[in-house]
Amino acid sequence: MTTTARTVIYGASEDDCRFYQSSVEKHGSPLLLFDSSKLKQQYRSLQQALPNVDLFYAIKALPQIDVLKVIDELDAGFDVASSGELDILLGLKVGGRRTIHTHPIKSDKDIRDALRFGSTTFVIDNLDELKKLQPYRGRIGILLRVSFRSENAKVDLSKKFGCTEDEVANIIFQAEQLGLHIKGLSFHVGSQVETSDKHVAAIQSCRDMMLELNQKAKAPLSILDIGGGFPGNYALQSIDIMKFCQPIRDALASLPEDWHIYAEPGRYLIAPAVTCVTTIIGKSMRYGMPWYYLDDGVYGSFSGKIFDHAEYPLQVLKEGETSPSVLAGPTCDSIDIIDEQIELPELKIGDFIIGHQMGAYTAATRTRFNLLKEAKFIVL
Ligand SMILES: Cc1ncc(COP(=O)(O)O)c(C=O)c1O
């Protein structure tokens, strides 16, 4: 097997070829193959890399019941962003205490649904949201999300959410006036960051703000939620998560020992645990290039190409002389193109294209455009 700079893998072992073939014969195509042992391995690696940090799986990355069952077995927490995400958890009998509601903007119904579930930790980032929680004071804990912009993250989540550092003291003061206790700060430095520099800078800023506020606050802040952002391995160059998190561990070591630290990983845990199997259902020559039409595309499992700016590592099971080719999805829309300049050997209808690292923000954001068949989710 060889890998190019474009993260295309050419060829596969006989065992792998037989496995993909038999999976499609058994379940049809397209497929999303979920390897629960990989998810467990990722969880344990992150736990080791961030000891003393409570991990809450960000359900939004892949809200699939089989995935949530594994997270439940691992005794991990759940980062919830909607009543719909809480509804899926109902089937698992997860206690509300194992959840945090991290959407900074909520309707009153969202808040009541969460409380009915037993989920009592809420994130806010402005005074209007704070006021919405006042009727429920005494039953809830609040984290205040702070914005730390990350231009180098694939998805800068601090553009849309988080108060500025200048606003923190006033929001905490207003909370005290309303009889609400803000228990700590949270942030998300952006999804798929290249280095942990932003995590470190955000931890240090939050530590300084919390220590200063605690000198005056009636009830101290003692929770820091460091969000997600831990990277997926789209370049298929092994990511050493211990090394990635070393600066984060060092920064966390400077916090008072009795503070609680949370994290909300999504991508790092689930991306490598899902492999997509698609089949070429048509081909043509257009503009002097071979075009291959797959049974899955950007309206389906490859939706992360649009919403998540992700380029998934792809594998063809054959080796041979390659030429620039196009991989297109099955819908009638021209935007449904997975790759317009991919070096591929000559392929035929019925050949498979395998997408790796396809667990995070893939099936979660797909649509039913053209009412095409969604990839079937198979637990290995
Ligand atoms: C509030 C919140 N927490 C956690 C996550 C998960 O982030 P990641 O997948 O980068 O770990 C997200 C992603 O959108 C988020 O919005």
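Rules used in this analysis
- Residues numbered from 1 in each chain as written.
- Predicted model: local features only at pLDDT ≥ 70, side-chain atom pairs only at ≥ 80, totals over all residues.
- Heavy atoms only, no water.
- Domains from an automatic or database assignment.
- Contact = heavy atoms within 4.5 Å.
- Buried area = accessible area lost by both parts, 1.4 Å probe.
- Salt bridge = Lys/Arg side-chain N within 4 Å of Asp/Glu carboxyl O.
- Polar contact = N/O pair within 3.5 Å; in protein donor to acceptor, adjacent residues only side chain to side chain.
- Nonpolar A, V, L, I, M, F, W, Y, C, P; charged D, E, K, R; others polar.
- Helix = DSSP H or I, 4+ residues; strand = E, 2+ residues; numbered from the N terminus.
- Buried < 20%, exposed > 50% of the residue type's maximum accessible area, 1.4 Å probe, protein only.
- 1 Å grid on protein atoms, 1.4 Å probe; cavity = no way out; pocket = protein on both sides within 12 Å on 5 of 7 lines; lining within 4 Å.
- Points joined across faces, edges and corners; volume = space filled by probe spheres on them.
- Near = heavy atom within 4 Å.
- Sits in = over half its atoms within 2 Å of the grid points.
- Phe/Tyr/Trp six-rings, centres within 6.5 Å; stacked < 30°, edge-to-face > 60°.

### A look at the domain arrangement of the chain
Once the domains are mapped, the chain shows domain 1 (2-33 + 271-379) and domain 2 (37-269). Listed as interface residues are 19 residues of domain 1 and, on the opposing side, 21 residues of domain 2. Approximately 1700 Å² of surface area, both sides summed, lies buried where domain 1 meets domain 2, with 66% of it carried by carbon and sulfur atoms. Across the domain 1-domain 2 interface, the total number found is one salt bridge. Where domain 1 meets domain 2, there are four residue pairs in polar contact (both at pLDDT 80 or more). For the side of domain 1 that touches domain 2, the residue count by class is 13 nonpolar, four polar and two charged.

### Some points on the pattern of salt bridges
Under the counting rule described, the total for this entry stands at 17 salt bridges. We note a salt bridge from arginine 98 to aspartate 72, for which the minimum N-O separation is 2.9 Å. Of the two residues, arginine 98 sits in the loop between helix H4 (83-90) and strand E6 (99-101) while aspartate 72 sits in helix H3 (residues 65-73), which places them 26 residues apart along the sequence. Since its relative accessible area comes to 22%, arginine 98 is described here as partly exposed. A salt bridge links glutamate 374 to arginine 366, with the nearest nitrogen and oxygen atoms 3.5 Å apart. For glutamate 374, a relative accessible area of 32% gives the class partly exposed. According to the relative accessible area criterion, arginine 366 is partly exposed, its value standing at 23%. Via salt bridges that share partners, Glu14, Asp15 and Arg18 belong to a single interconnected network.

### Examining the layout of surface pockets
The calculated volume of the largest pocket comes to roughly 780 Å³. In terms of lining, the largest pocket is formed by 31 residues, of which the most central are Lys60, Val155, Leu157, Phe161 and Tyr361. Two domains share the lining of the largest pocket, each providing at least three of its residues, namely domain 1 (2-33 + 271-379) and domain 2 (37-269). Approximately 590 Å³ is the volume attributed to the second largest pocket. What lines the second largest pocket is a set of 31 residues, among which Gln192, Gly232, Asn233, Tyr234 and Ala235 lie closest to the centre. If you list the elements that add at least two residues to the lining of the second largest pocket, you get helix H9 (241-253) and strand E16 (337-345). Of the residues in the lining of the second largest pocket, the class split is 14 nonpolar, seven polar and ten charged. Here the lining of the second largest pocket spans two domains, and each of domain 1 (2-33 + 271-379) and domain 2 (37-269) adds at least three residues to it.

### Thoughts on the site of the ligand
Close contacts around the ligand come from 15 residues, with His188, Ser191, Glu264, Arg267 and Tyr361 the closest. Interatomic distance of 3.1 Å between a side-chain N/O atom of aspartate 79 and a nitrogen atom of the ligand. In this structure, glycine 266 approaches the ligand through a main-chain N or O atom, which is 2.9 Å from an oxygen atom. Taken atom by atom, the bulk of the ligand overlaps the largest pocket.

### Things to note about the packing of aromatic side chains
Enumeration according to the criterion identifies ten aromatic pairs in this entry. Measuring from ring centre to ring centre gives 6.4 Å for tyrosine 287 and tryptophan 291, while their planes differ by 55°; the resulting arrangement is tilted. Classification of tryptophan 291 as buried rests on a relative accessible area of 12%. Each member of the aromatic cluster is reached from another via a ring pair, and the members are Tyr234, Phe302 and Tyr312.

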